[in-house]
Amino acid sequence: MTTSAKAERHCATPSASMKHATAKQSEVSSTEEPPKVRKTFGRIPHNGRIFVVPQTHDMVSTLLSPSTPKKAIDIFILGVLIFHISLYFTLPTAFRTPILLLLFLFWRTSYNFGLGYLLRAQSKYGQLVYWAKKYGIFDSSQSPTIYSYIRSDIESKVREEVRNGDYKFDKAPIEYNTWLVFRRVVDLILMCDFVSYVVMAMSCAHQPDNEEWYLTLGRWVGGFVLFVFNLWVKLDAHRVVKDYAWYWGDFFFLIDQNLTFDGVYEIAPHPMYSVGYAGYYGISLLAASYTVLGVSLIAHAAQFTFLTAVENPHIEKTYNPPTSRKKSKLHEVRLLDGDIDASASVFNDPCQPLSERPLVQSLDPWNSIHFSSILLAFYLAAITILTPSTCTYQMLFILHALSWRLWHTIGIGTILVGQSNNKSYVRHFLKFGKTREAAWRHWKGVYFVSLSMTHSSFVAAAWKQYQLPQGDDRMVLFRHIVGIMLVALQVWTAFSIHESLGEFGWFYGDFFFDLPSPHLTYSGIYRYFNNPERLIGCAGIWGIVLMASSAPIFLVGLFSHVCALLFLNVVESPHMQKLYGSQIRREAGVAKTIRNAIPPPVADQVRMFQGSVDKIVHETTEFIEELLERSRPRLPKAVIGVVKNTQARFAPARLAIQLLSDNDSVTTKHEAEKYSLDIITAVRRGDSETLTVPYGEPIHVSWKAPLDHSNKDWIGLYKIADNSSREVTSVTSVGRWIAVCKDQYDAKVADHGIIYSNQPDENEPDRVRGEVVFQKEKLFWKNGVYEFRYHHDRKHSILAISQPFEICVEKVGLDDKELRGGAAREIVEKHLLPIVQRCFDEEGLAPVDMDDIFGGSADDICSRRVVYAIREMFGVDLAPSVVKADGNVRRLGWRICNARKVLKFIPLMVRFS
């Protein structure tokens, strides 16, 4: 059940496989043999000697195959295995389980600590090779008996290479011969480890009393599946790594061989030590013994200790050696104020200053963020423990956990989406003179506290729902063991993610800093999962649910998992697609392995089923659309209105239900044709037909109507998407309207903007004309497409609609040369002054030149108009209070230029898309 994790070293680090390639791993075909015969060459690291590596066989074939000649060591190992099995049948029942348990622990200790010591010593000092030289086991003159036995045993295992002359015992490197001897020790320990575990499990196996049939069936099916899966992991791992990695060959020499790490090595990191122990838990289920389960957990933990203490250090030493030292080249990040010496702010990393310690994996009570998190957790724990577990308190804790989960999903998600689209979070700090690095530090604190409290509140809610186990609950121990394992899995996943992404990726640094050449790599845990948070990243939630065994906690856990999935799909995935595009792979290692493992007939059926589902959904959609189309003449007008509004605005701020009455409609189409609206001051953009009006510029509109038109007609300004009907206006104008004739309405504001009315049209005697101007408060102060509507006699029935036009703020591009050379300030001031002037409702208060002070005259409405224009023109977001504080165009221009230096990598067109 236990083997080497040697192959994992090639995928444990991003460059491990490439490092192994530096060891000249390429199979070389011998020119003296037929093309189908391939030889593997090895290399001794310290002297570079090249030699032919004979083909060897796995331990099972060596020991159990009748065709393989058996030597004394083989017979000895088989005898030891038979002795272990005989103990199961001969020992008294009372002593059998303890003795077999101690026997397994002995062999497990021999494996993890005995072999671990030998391998560690060999990796650091070449200890095994040194002992072989010292005691002369390969020297016929120094130890003739041992020499003869070892030579006979080794040559019997590589007879083909001995026959064709590729292997000669006396001329082979001592490192290789030592490895072959070491293999025999490994055969003994690993085979005894497996057999002793199986007989120990058999001794502990029993049928639980009064166990329901479905539990028995579930145990056996689950146990069998896990055992078969474990068997496949071992066989597939051996297919990939061969005997060389199975027996820790690279502790002795390196080989020239291409190793394709597919199959099981795309499922999980260190599969021989992780999923390769699934059989332990399968046998535990078959045995229905908590003793076996506990021993399995201890053995599995010991194996991870072996991996950490022995395997990983050797991996780093062999395949990821430290690079030679180079002189540091610090990257300077200039301050906001370009006049201040930029050397005052120097960073190694564009996203983290040198003096800043990482927040994750380094708890520091003196750090304000850590202190706040600890304090909040302490208060939460105190309240949780000191308050009674009544229904009221349980409900409050459930609501508390849901609130934090909602905030972490919606609140944090909204921040990141805004930051991804237009750097909204950074802009918030730039408003008040802060820097991007300050925004990054604050964001990390917000996210750290949010994540900590989200998990803490869920644990607190589970604690309140937790009840002490009852005496008749036979599953309580199983639930707690599996729950703890799931929590441990999530903790390991979190550490693995942080190890792969670092502090920068953990806190979504690519949302805040624009990398010069974004490059996506799949290393560490991301080699196996595209999004580990999607499944195993939420394992701890279900572990707590399992231990609490409470329906409310189950619902909260389900809600939390769904929120995590939504966060990935709505927040992370769009940003990844925008940033990395085609670099994102469609299928992770686990998915590809499962797909390849499915038999072709089953895979075909799955694809057919998926295609059938897609076809049904498509046909159902078409049927509904066709049904609505056919039923349209028979549907009431009210329903038609609802359908139109729903289609036009799926998620509107309001839903207008249109009830079309005869009184609100024009009597005849002929009469409506006599009304018209034309925008005088709009201009066409280039060769297009689109009319545009500069931001804040007064809009002059001329109208024509029949001689007998109602003097109570009026013209309104609307966003074109707000009204789906071309017959009746369904939304209010919010004050953006003007009467066509004076003194027809009680409100004086209706006459503001009338230039002239009811003047005869020289070209059309049966019509009159007029002109109005929309300006200041009667304008929309936001980019968009709008239209004017001519309404009949105080009502909302439409007589004429103008051509759509666009209100837009001209984008001003500033390149890096202009920003650094100072020319940008003149450009900014030139474009900013007329905008600021138009933003004032009273012309006497507007500035005349760059240096005119207007801070005291600018009210909140004016300031908001200015900051919106600045945001659209230059991509810089300022608070209205900053406009008042700066007080003139020159200071605003200076601030905009310095802010743009921070945001220079953000494309202008996407800053506020």
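A quick note: this is a predicted structure, and the numbers were derived from the prediction, not measured.

**Q** Residue-level account of the overall build of the protein chain, with values.
**A** A count of helices and strands for the protein chain gives 27 helices and 17 strands. By the burial criterion, 46% of the 913 residues in the protein chain qualify as buried. Within the protein chain, residue pairs in contact and separated by at least 24 positions form 73% of the contacts whose partners lie at least 6 positions apart. When the accessible area of the protein chain is evaluated, it comes to approximately 47,300 Å², of which 61% is carbon and sulfur surface.

**Q** Explain the state of the cysteines residue by residue, including any values.
**A** Taken as a whole and assessed by the stated rule, the structure comprises zero disulfides. The thiol sulfur of Cys563 is not disulfide-bonded, and the nearest other cysteine sulfur, from Cys538, lies at 10.0 Å.

**Q** So what's going on with unusual backbone geometry? Residues and values would help.
**A** At Asn210, a residue that is not glycine, the phi angle is positive and equals roughly 55°. Residue position: Asn210 is located in the loop between α8 (174-204) and α9 (213-246). Among the residues examined, Asn210 registers a relative accessible area of 70% and is labelled exposed. Unusually for a residue other than glycine, Tyr508 sits at a positive phi of about 60°. If you trace the backbone, Tyr508 turns up in the loop between α16 (476-506) and α17 (539-548). You can call Tyr508 buried: its relative accessible area is 10%.

**Q** Residue-level account of a nonpolar patch on the surface, with values.
**A** Among the surface-exposed residues, Trp213, Tyr214, Leu217, Val221, Phe224, Val225, Phe227 and Val228 lie close enough to one another that they form a single nonpolar patch of about 840 Å² accessible area. Within the secondary structure layout, Trp213 lies in helix α9. For Trp213, a relative accessible area of 65% puts it in the exposed group.

**Q** Which residues make up helix α10 (residues 278-287), and what are the values?
**A** Burial within α10 is extensive, with eight of its 10 residues counted as buried. Within α10 the residues assigned to the buried category are Ala278, Gly279, Tyr280, Tyr281, Gly282, Ile283, Ser284 and Ala287. Of the surrounding elements, those touching the buried residues of α10 are α4 (93-125), α8, α9, α11 (290-319) and α16. Directly beyond the C-terminal end of α10, a positive phi value near 55° is found at Ala288.

**Q** Residues and numbers for the environment of Pro54, please.
**A** For Pro54, the position within the fold is in the loop between β3 (50-53) and α2 (59-64). According to the relative accessible area criterion, Pro54 is buried, its value standing at 3%. Each C-alpha atom, one on Pro54 and one on Arg159, is 9.2 Å from the other, the two residues being 105 residues apart in sequence. Look past the residues within four positions of Pro54 in its chain and what remains in contact with it is Val158, Glu161, Tyr167 and Tyr176.

**Q** Help me get a handle on the packing of α8 against α11, residues and values and all.
**A** Where α8 meets α11, the closest approach of the two axes is 9 Å, and the angle between their N-to-C directions is 155°. Here α11 runs roughly antiparallel to α8, going by the angle between their axes. Between α8 and α11, the contacting residues are Tyr197, Met200, Ala201 and Cys204 on the first element and Thr291, Val292, Val295 and Ser296 on the second. Taken together, the residues of the contact of α8 with α11 sort by class into six nonpolar, two polar and no charged.

**Q** Give me the lowdown on the pattern of salt bridges, citing residues and values where you can.
**A** Summed over all chains, the structure comprises 24 salt bridges. Of the charged contacts in the structure, one is a salt bridge between Arg838 and Glu697, with a shortest N-O distance of 3.4 Å. Note that Arg838 is positioned in helix α24 (residues 823-839) and Glu697 in the loop between β9 (691-694) and β10 (699-706), a separation of 141 residues in sequence. Salt-bridge contacts for Asp841 lead to Arg865; the nearest nitrogen and oxygen are separated by 2.8 Å. Of the two residues, Asp841 sits in the loop between α24 and α25 (860-874) while Arg865 sits in helix α25, which places them 24 residues apart along the sequence. Asp841 sits in the partly exposed class, given a relative accessible area of 37%. When salt bridges with common partners are traced through the structure, they connect Asp74, Asp153, Lys157, Arg184 and Asp187 into a single cluster.

**Q** Can you break down the side chain of Asp74 residue by residue, with the values?
**A** Among the secondary structure elements, Asp74 is positioned in helix α3 (residues 72-90). Other than its neighbours up to four places away in sequence, Asp74 contacts Thr62, Leu63, Pro69, Lys157 and Arg184.

**Q** Can you lay out the side chain of His300 for me, pointing to particular residues and giving the numbers?
**A** If you trace the backbone, His300 turns up in helix α11. With residues up to four places along the chain from it excluded, the contact list for His300 reads Tyr273, Ser274, Tyr277 and Tyr281.

**Q** Describe in detail the environment of Ser452, supporting the description with residues and values.
**A** By secondary structure assignment, the location of Ser452 is in helix α15 (residues 436-465). The class for Ser452 is partly exposed, based on a relative accessible area of 23%. Sequence-wise, Ser452 and Leu376 are 76 residues apart; in three dimensions their C-alpha atoms are separated by 9.2 Å.

**Q** Which residues make up the sheet that holds strand β13 (residues 754-760), and what values do they have?
**A** Ordered by their spatial adjacency, four strands build an open sheet running β7-β10-β14-β13, and the pairing between neighbours is antiparallel. Edge strands, defined here as strands with exactly one partner in the open sheet, are β7 (676-679) and β13. Each strand of the sheet is rotated relative to its neighbour by a mean of 15°, with strand direction disregarded. With eight bridges joining them, β10 and strand β14 (residues 767-774) adopt antiparallel strand pairing. Opposite Pro706, over in β14, you have Arg767 as the bridge partner.

What counts, and where the lines are drawn
Along each chain, numbering runs from 1 in the same order as the chain's sequence is written. pLDDT decides what is reported in this predicted model: residues at 70 or higher carry local features, side-chain atom pairs at 80 or more are listed and counted, and totals for whole chains, interfaces and linings draw on all residues regardless. To obtain the side-chain values, all non-hydrogen atoms of the structure were included, while hydrogens and water were left out. In this text, helices come from DSSP runs of H or I with a minimum length of four residues, and strands from runs of E with a minimum of two, each type numbered from the N-terminal end. Burial here depends on accessible area, computed with a 1.4 Å probe over protein chains only, as a share of the maximum for the residue type. Under 20% is buried, over 50% is exposed, and the range in between is partly exposed. Two residues form a contact once any of their heavy atoms are found within 4.5 Å. To measure how exposed things are, a 1.4 Å probe is used in the Shrake-Rupley method; for residues, cover is taken only from the protein chains shown. By disulfide we mean two sulfur atoms from cysteines, separated by a distance within 2.5 Å. The patches described consist of residues with a relative accessible area above 30% and no salt bridge, like charges being joined within 9 Å and nonpolar side chains (Val, Leu, Ile, Met, Phe, Trp, Tyr) within 5 Å. A side-chain nitrogen of Lys or Arg and a carboxyl oxygen of Asp or Glu constitute a salt bridge if their distance falls within 4 Å. Lines fitted to C-alpha atoms define the axes, with helix axes restricted to the stretch in contact, and inter-axis angles between N-to-C directions lie between 0 and 180 degrees. Each angle gets one of four labels, with under 35 degrees taken as roughly parallel, over 145 as roughly antiparallel, 65 to 115 as roughly perpendicular, and the rest as oblique. Residues were grouped as follows: Ala, Val, Leu, Ile, Met, Phe, Trp, Tyr, Cys and Pro as nonpolar; Asp, Glu, Lys and Arg as charged; and all remaining residues, including Gly, as polar. Strands qualify as paired when DSSP identifies two bridges or more between them.

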